[in-house]
Amino acid sequence: MALLQKGWLKYILMLLVFVVGQVLVMTGILNDYLFATLTTLCINIILAVSLNLITGFTGQFSLGHAGFMSIGAYVCALITMRISTIPGFLLGVFAGACAAALVGFIVGLPTLRLRGDYLAIATLGMAEIIRIVFLNLEITNGAAGLNGVPQFVTWPWLFLFTAGTIHLISNFIHSAHGRACITLREDEIAAESIGIDATRYKVTAFVMGAFFAGIAGSLYASYFYFLRPTLFGFSRSIDILVIVVLGGIGSLSGSVIAAILLALISTYLQSFPELRMVFYAVALVVIMILRPQGLMGSKELSFDLLRNLGRSRKRRSS
Amino acid sequence: MLEIRDLEVYYGVIRALKSISLRVKEGEIVTLIGANGAGKTTSLRTISGLLRPHAGSILLNGVDVTQLSPRERVKEGMSHVPEGRRVFPMMSVLENLELGAFLRRDKEGIEEDLTHVYERFPILFDRRKQMAGTLSGGEQQMLAIGRALMSRPKVLLLDEPSMGLAPLLVQEIFNIIQTINEAGTTVLLVEQNANMALQIASRAYVLETGSIVLSGEAKTLLESEEIKKAYLGGK
């Protein structure tokens, strides 16, 4: 019974977040500027959570997440510019995600044999290739990029895709397949010795991560209405990685919290434009010194964790 | 039960195994002993499929498994306890054991085997919720063996279970290997601790720089002057 109640509580919380967001949007408290920040935040959450699946849970160090995002963005933009309807938008998101997943599969199959820094370099190269391809294709309008992508992203869509991504990836991680992925991070040889097919699960995680990065890219295109290849460079991949590491390698709630925290920091620092990046960098350094394992470590934010925390506090004070 | 014929393994251009042949009959404990770098771990990894041989074949119960993946070999009844224990450090003892049964779908059988492992290693039951990385070396070795048993193997491949353990614990681990064997599991044991290995094994092979230089009854080898001088520290 307790488990059931906990499960319900999660859905009630999600509903609450949605309703609060909806009310803020409808009353106009969330103005255009704040809504743009919220959109960036949600996109970053999707990116970080999906990268965490690859890097945090499966242990495959990838520096190419922006590449997958750009595929989703361009595919979705090209589709919605031709079919400017809600079904067209959904088709665009789906096609964008699938295209990213397909590229993830093609790239992942040969490169996931590499380990650690070698894989990082290979994925970095992949993202660069994708960027150069978009820079030179006629259909993506080269360096000038695509302008006037129809804007479909509203709070309900944003919420649906973000919550959906977290929910699906969280379910995957807690499934038998997800645990197989985690064993690869823990010890690949041991994983193989108990009969886990390492390549298969690495590719699975990589393709899933790419799929959701494609969704994030699609949402980006459908909100910010213009795309340029330079938007998806190396620094964006790093930004995503920073969120993952800051939140904690292997903690989904950590990724969400870190994304929110970084969004708050950078929004607050808007008022000091000349010092903004300095403060931002200092904040990162300080957090990493104080919590080298990331904000959440590999733990998830759960009611059990809060209860245990409360208990140990009490024990210490008594 | 397990037969290896003319196995050749290369690391790049280096020939690590030079035409190795050995057989393990059902119900036996066979040990493969030798010094550092002789090729013991390489042999075992090739048998379990983690390494690919350049030539030769591996037969399990008469079935040629040389081309099968490690996963399929586990399904065929092989289970490998890798060198250096290699438990999943950030997972609980129970999760480690459950993962040992990763390829199995028979829930009741898994429960049953879990009980057996806990009976064999009561300390693992006490520590079932603890992270495996926080266990002592001996406990981790027990966990690694327990995890391998969870796939219900016909042949258990053990790679240096005595590594880095105190003498008393080594004795305990070897006793456990013996009881596992008595319960019907065939064992191929790779060891540097020749003395201990020969005491529980029925037959043995001696590996030296990639070739088998000697083989025979464990008892005979235990008394052979050559072995005493080279591996048992005798005079």
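In the block above lies the structure referred to throughout.
Residues numbered from 1 in each chain as written. Chains lettered and ligands numbered in written order. Predicted model: local features only at pLDDT ≥ 70, side-chain atom pairs only at ≥ 80, totals over all residues. Heavy atoms only, no water.

Asks: Tell me what's going on with the sheet that holds strand β10 (residues 211-217) of chain B, and back it up with residues and numbers.
Replies: All names here are of chain B. Pairing is mixed across the open sheet formed by six strands, whose spatial order is β6-β7-β8-β3-β9-β10. Each having just a single partner strand, β6 (78-81) and β10 make up the two edges of the open sheet. This sheet shows a mean twist of 15 degrees between the axes of neighbouring strands, independent of strand direction. Looking at chain direction, strand β7 (residues 155-159) and strand β8 (residues 186-191) are connected through five bridges and run parallel. Following the sheet pairing, valine 155 is matched in β8 by threonine 186. Along the sheet, helix α6 (residues 137-149) makes contact with β6 and β7, crossing β6 at roughly 165 degrees. Across the sheet, helix α7 (residues 167-182) is in contact with β3 (29-34), β7 and β8; its angle to β8 comes to roughly 155 degrees. (Pairing = 2+ DSSP bridges. Helix = DSSP H or I, 4+ residues; strand = E, 2+ residues; numbered from the N terminus. Axes fitted to C-alpha atoms, helices over the stretch in contact; angles between N-to-C directions. Contact = heavy atoms within 4.5 Å.)

Asks: So what's going on with the layout of surface pockets? Which residues, and what values?
Replies: Residues and elements named next belong to chain A. What the second largest pocket holds in volume is close to 710 Å³. Forming the boundary of the second largest pocket are 23 residues, of which Thr40, Asn44, Asp239, Ser266 and Arg276 lie nearest the centre. If you list the elements that add at least two residues to the lining of the second largest pocket, you get α2 (32-57), α10 (234-247), α11 (252-268) and α12 (276-290). Taken together, the residues of the lining of the second largest pocket break down into 13 nonpolar, seven polar and three charged. (1 Å grid on protein atoms, 1.4 Å probe; cavity = no way out; pocket = protein on both sides within 12 Å on 5 of 7 lines; lining within 4 Å. Points joined across faces, edges and corners; volume = space filled by probe spheres on them. Nonpolar A, V, L, I, M, F, W, Y, C, P; charged D, E, K, R; others polar.)

Asks: Give a detailed account of the environment of phenylalanine 152 of chain A, specifying residues and quantitative values.
Replies: Relative to the helices and strands, phenylalanine 152 of chain A resides in the loop between β1 (146-147) and α6 (155-173). With residues near it in sequence (within four places) discarded, phenylalanine 152 of chain A still touches Thr80, Ser84, Thr85, Ile86, Phe89, Trp157 and Ser222 of chain A.

Asks: Help me get a handle on the side chain of threonine 123 of chain A, residues and values and all.
Replies: Residue and element names in this part refer to chain A. Checked against the element boundaries, threonine 123 lands in helix α5 (residues 116-136). Of note is the side chain of threonine 123, whose polar atom sits 2.9 Å from the backbone nitrogen of leucine 63. In this view, threonine 123 contacts Phe61, Ser62, Leu63, Gly64 and Phe206; residues no more than four positions away in its chain are not counted. (Polar contact = N/O pair within 3.5 Å; in protein donor to acceptor, adjacent residues only side chain to side chain.)

Asks: Help me get a handle on the pairing of β6 of chain B, residues and values and all.
Replies: Put simply, side chains in a regular strand alternate between the two faces of the sheet. Residues and elements named next belong to chain B. Alternating residues of β6 divide into Met78 and His80 and Ser79 and Val81, and every residue in both groups is buried. Sheet topology places β6 next to β7; four bridges connect them, and they run parallel. Across the sheet, the residue bridging to histidine 80 is leucine 157, located in β7. (Buried < 20%, exposed > 50% of the residue type's maximum accessible area, 1.4 Å probe, protein only.)

Asks: Lay out empty space enclosed by the protein in plain terms, naming residues and giving numbers.
Replies: All chains considered together, the criterion is met by one cavity of 30 Å³ or more. Here the largest cavity is characterised by a volume of approximately 40 Å³. Taken together, Glu192 and Ser193 of chain A together with Ser48, Pro70, Arg73, Val74, Met78, Ser79 and His80 of chain B make up the lining of the largest cavity. Put simply, the parts of the chain that give the lining of the largest cavity at least two residues each are α8 (188-193) of chain A together with α2 (70-75) and β6 of chain B. Here the residues of the lining of the largest cavity sort into three nonpolar, four polar and two charged.

Asks: With reference to specific residues and values, describe the interface of chain B and chain A.
Replies: Facing the 20 residues of chain B at the interface are 19 residues of chain A. For the pair chain B and chain A, the two sides together bury roughly 1800 Å², of which 64% comes from carbon and sulfur. In this structure, the connection of chain B to chain A is made through three salt bridges. One salt bridge connects glutamate 95 of chain B with arginine 179 of chain A, and the closest N-O pair in it is separated by 3.4 Å. Secondary structure elements with two or more residues in the side of chain B that touches chain A: α2 and α3 (93-100) of chain B. It is α3 of chain B that provides the largest number of residues to the side of chain B that touches chain A, a total of four residues. Along the lines of polarity and charge, the residues of the side of chain B that touches chain A split into twelve nonpolar, two polar and six charged. (Buried area = accessible area lost by both parts, 1.4 Å probe. Salt bridge = Lys/Arg side-chain N within 4 Å of Asp/Glu carboxyl O.)

Asks: Residues and numbers for the sheet that holds strand β1 (residues 2-11) of chain B, please.
Replies: All names here are of chain B. What the four strands build is an open sheet, ordered β2-β1-β4-β5; its pairing is antiparallel. Two strands close off the open sheet at either side, each with one partner strand: β2 (14-24) and β5 (63-64). As paired strands, β1 and strand β4 (residues 55-60) are joined by five bridges and run antiparallel to one another. Within the sheet, the bridge partner assigned to arginine 5 lies in β4 and is serine 57. Where helix α1 (residues 40-48) meets the sheet, it contacts β1, β2 and β4, and its direction lies at approximately 115 degrees from that of β1.

Asks: So what's going on with the side chain of threonine 58 of chain A? Residues and values would help.
Replies: Residue and element names in this part refer to chain A. The residue threonine 58 is located in the loop between α2 and α3 (65-82) in this model. From its side chain, threonine 58 meets the backbone oxygen of leucine 53 in a polar contact 2.8 Å long. Ignoring anything within four residues of it in the chain, the contact list for threonine 58 reads Leu53, Cys181, Leu184, Arg185, Tyr201, Lys202 and Ala205.

Asks: Pulling in residues and values, what's your account of a nonpolar patch on the surface?
Replies: All names here are of chain A. On the surface, a nonpolar cluster with roughly 980 Å² of combined accessible area is contributed by Tyr268, Phe272, Leu275, Val278, Phe279, Val282, Val285, Val286, Ile289 and Leu290. With seven residues, α12 is the single largest residue contributor to the nonpolar patch. Among the structural elements, leucine 290 can be located in helix α12. Note on leucine 290: relative accessible area 65%, which makes it exposed. (Patch = residues over 30% accessible without salt bridge, like charges linked within 9 Å, V, L, I, M, F, W, Y side chains within 5 Å. Areas by Shrake-Rupley, 256 points an atom, 1.4 Å probe, with all protein chains shown as cover.)

Coordinates in, geometry out; function isn't part of it.
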